[in-house]
Every structure is written in structure tokens, then in C-alpha cells.
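Survey of secondary and tertiary structure
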Amino acid sequence: MSEMRKVGIVGCGVMGSGIAEACARAGLDVIVAVSTEASLAPARRRVTAWLDRGLRRATITEAERDTALARVSFVTDLAELGDRQIVFEAVPESESIKLDVLGALDKILDNPDVILASNTSSIPIIRLARATSRPAQVIGVHFFNPVPALPLVELIGSLLTADETYARAESFVAGPLGKQVIRSQDRAGFVVNALLIPFLLSAVRMVESGFARADVVDRGMVLGCSHPMGPLKLADLIGLDTVASIAEALYEEFKEPLYTPPPLLLRMVEGGLLGKKTGRGFYEYA
Ligand SMILES: CC(=O)CC(=O)SCCNC(=O)CCNC(=O)[C@H](O)C(C)(C)COP(=O)(O)OP(=O)(O)OC[C@H]1O[C@@H](n2cnc3c(N)ncnc32)[C@H](O)[C@@H]1OP(=O)(O)O
Ligand SMILES: NC(=O)C1=CN([C@@H]2O[C@H](COP(=O)(O)OP(=O)(O)OC[C@H]3O[C@@H](n4cnc5c(N)ncnc54)[C@H](OP(=O)(O)O)[C@@H]3O)[C@@H](O)[C@H]2O)C=CC1
């Protein structure tokens, strides 16, 4: 089985851009597919911004930044991913959007061995795999945000994922990308989000009920429990739309009240207050 050097990424928001940066820095050939012409410039800007942060942190030189950026092409036509060996989907946390994208990819990917990797935070992989004619090659490869800073990747195989797909995906993320891997069974939220999301929702409920302000909750967890950031700042970093969608997927699976998205969270999403990516959530961002 040949080494996977041709990477495709669909979606270039918070996560797609981070995955693109990681792959480009690893010396891989990357094509990023976005949905419209208007998305091209922001997509390139996000990948560049990750590389520039690396430059500021001196984890990369200027020349390495330029070489890495030159390895990434941005396209609007999914068909340009036809020759890829591994394709990551990083489109929004919506089952219907992901099913459309995976179904379309299934039709255009030439290579019978191609791996279709979903970065979903919560949707059971088997439901995504069934949108394709190759469920044995579909796997959850769940990166964490910010991708350059966090070493973990959760790998989630469905009941139909081939052992070989698991092994190839693991050697890809642990090899060129240098990530550490935990394996999860295929249930909503996997390991990390099944634990993290109820915590974030509890913090939202504290604010919603008027019990404590967002900055008080966050200071409590940073100074009292040594978390790198408080839960409301973290929810803003993830994206409140994504937090709400993960909560809904968890609730759909387990029907536990602790997973229900609080009305305040839903109203903020409906109002476009999605957190850092839109400039306002529980906090404001310049
Ligand atoms: C929702 C899901 O499905 C799964 C998830 O991802 S859940 C979310 C998981 N993520 C977390 O829990 C993050 C918790 N927070 C942290 O680990 C840290 O606060 C942090 C890594 C985000 C930043 O830590 P820090 O370096 O001490 O802070 P700081 O120096 O202020 O970071 C500044 C910036 O560098 C970025 N950054 C941090 N480390 C970086 C690195 N090694 N390379 C590139 N960028 C980096 C940060 O994103 C931040 O971005 P902005 O410039 O846009 O503000
Ligand atoms: N945010 C986080 O902390 C984490 C998120 N995840 C998961 O990663 C996935 C992506 O999340 P995230 O990056 O945060 O979301 P974002 O909202 O930041 O980005 C999603 C991107 O997908 C693009 N998009 C939408 N539809 C399509 C399409 N049909 N084809 C190509 N691109 C499309 C959107 O841009 P445009 O429409 O302009 O093209 C947008 O930029 C989700 O499944 C999420 O749950 C996983 C780990 C952490």
C-alpha cells in the first residue's frame, strides 16, 4: 500500500484550515475544496494565519511558511479531489451537509483505496459511511482545536470500517502529522465530547440562570482547576453552533437531560453570535 501524500480537505473553517496547515507543514500535497468562489479568499487567509502563528511562535521559519503555503491549492470544484489518497471532510456539524458531501465525494474519487475521513465531533460514523459505496474506507479522524496546538486525534471506526483503514489512518496521523491517537467506539460524541459538552452546557446554564457571569465562571475554572481556558471562552473558541449541534447529536443518542442545549445557547446561535469565528459570543473579539 503506497504512502498517502495526496490529501484532500473539504471545508476550510476553523478545523479544515488547521488540518490543511498540519498537512502542508508535514510536506504533503494538499487540495482544499470550499463551497463557493467567495469562500476562497477567507480559506487561504485562515491557513495563512495558522502558519503565521507558527512563525510568531518560532516553530517555523519564513521560508518554511512560504513552502508550506505553496503546497496548498484552493478549489471550488469537488471533482478536483479525484486523485486524492485521503480526503478529510470538515464541513459544518450537520448530518445532512456531511451526507451530501460524502455522497458527492464517493462519486468522484478514482482511487479504490482512498480513505474518507470525517472530522465530525459527534455524528456516528456508520450513518456517514452509509452515504457511500465504500463504508469499509470511511473512518472518523477527529482533530482538536486549535489543531496546531493540540496533540490528540480520536479515531473512530464504524462496525463496517476495515481494519486496514484503521491502520492506515493511524499511521498517517501519528506519522507525518505527529499526533497522538486514542480509539473510540462509534457512539455519539465519542470519548472526549461526551465528557466535555455536558461541562460546557452546565457553564451556559449558570450564565442563563443568572447564577454567575461568564467571566466569573471562566476565572473559577482557570484559577481554581488550572484549565487552560474557562468553559465559556472554550465554547466561543469551538463555535456555539458547533457546540449546539454536538449537544443535539448527544441528546438524540442518549436522551439524557444533561445533553439538552440550553435555550440561551440556541438563541445565540439563531442570532449569529457564534463565538470567536463571528466576533461575538459570550465574549467580544476584535
Ligand atoms: C469540539 C470538538 O469536537 C473537539 C475540540 O476541539 S474541543 C476543544 C479542545 N480545545 C481546548 O480544550 C483548548 C483549551 N485551550 C488551550 O489549550 C490553550 O488555551 C490554547 C492552546 C488555545 C492557547 O494556549 P496558549 O498558547 O497558552 O495561549 P495564547 O498564547 O494566548 O494563544 C494565542 C493564539 O495562538 C494559538 N496557538 C496556541 N498554540 C499554538 C501553536 N502551537 N501553533 C499555532 N497556534 C497556536 C491559539 O489558538 C491562539 O490563537 P489567536 O492568535 O487567534 O488568539
Ligand atoms: N470547532 C471545533 O472546535 C471543532 C470542530 N470539529 C468538527 O469539524 C467540522 C468543521 O467544524 P468547524 O471547522 O469548526 O466549522 P466552521 O463553521 O468553522 O467551518 C465549516 C466550513 O465548511 C464550509 N462548508 C459548508 N458547506 C460546505 C460544502 N458543501 N463544501 C465545502 N465547504 C463547505 C463553510 O464555508 P463556506 O460555506 O464558506 O465554504 C465553513 O468554512 C464539524 O464537523 C465540527 O463538529 C471537530 C473538532 C473541533
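Residues numbered from 1 in each chain as written. Chains lettered and ligands numbered in written order. Predicted model: local features only at pLDDT ≥ 70, side-chain atom pairs only at ≥ 80, totals over all residues. Heavy atoms only, no water.

1. Comments concerning the nonpolar core
Core analysis: the largest hydrophobic core is formed by 37 residues, its most contacted members being Cys 23, Val 32, Phe 88, Val 141, Phe 143 and Phe 172. For this core, the element with the highest residue contribution is helix α1 (residues 14-25), accounting for six residues. Contacts of Phe 88, omitting those with residues within four sequence positions, involve Val 7, Gly 8, Ile 9, Val 10, Ile 19, Cys 23, Ala 117, Val 141, Phe 143 and Phe 172. Ranked by size, the runner-up nonpolar core spans 25 residues in total, among them Ala 214, Leu 240, Ala 244 and Leu 265. (Core = buried A, V, L, I, M, F, W, Y, C linked by side-chain atoms within 4.5 Å. Buried < 20%, exposed > 50% of the residue type's maximum accessible area, 1.4 Å probe, protein only. Helix = DSSP H or I, 4+ residues; strand = E, 2+ residues; numbered from the N terminus. Contact = heavy atoms within 4.5 Å.)

2. Observations concerning the UniProt feature "domain: 3-hydroxyacyl-CoA dehydrogenase C-terminal" (unreviewed entry) in the protein
Under the UniProt annotation, "domain: 3-hydroxyacyl-CoA dehydrogenase C-terminal" (unreviewed entry) lies at residues 189-285. When the span residues 189-285 is considered, its composition is 62% helix and 0% strand, and the gap between its end C-alpha atoms is 28 Å. (UniProt positions renumbered as here; feature names shortened; annotations may be inferred.)

3. Observations concerning the site of ligand 1
Around ligand 1 there are 18 residues in total, and Arg 57, Ser 121, His 142, Asn 145 and Asn 193 lie nearest to it. Between ligand 1 and the protein, one listed contact pairs an oxygen atom with a side-chain N or O atom of His 142 at 2.7 Å. Asn 145 is positioned such that a nitrogen or oxygen atom in its backbone is 2.7 Å from a nitrogen atom of ligand 1. Of all the elements in the fold, those that place two or more residues in the shell around ligand 1 are α7 (192-208) and α9 (231-238). Taken together, the residues of the shell around ligand 1 break down into 11 nonpolar, four polar and three charged. (Near = heavy atom within 4 Å. Polar contact = N/O pair within 3.5 Å; in protein donor to acceptor, adjacent residues only side chain to side chain. Nonpolar A, V, L, I, M, F, W, Y, C, P; charged D, E, K, R; others polar.)

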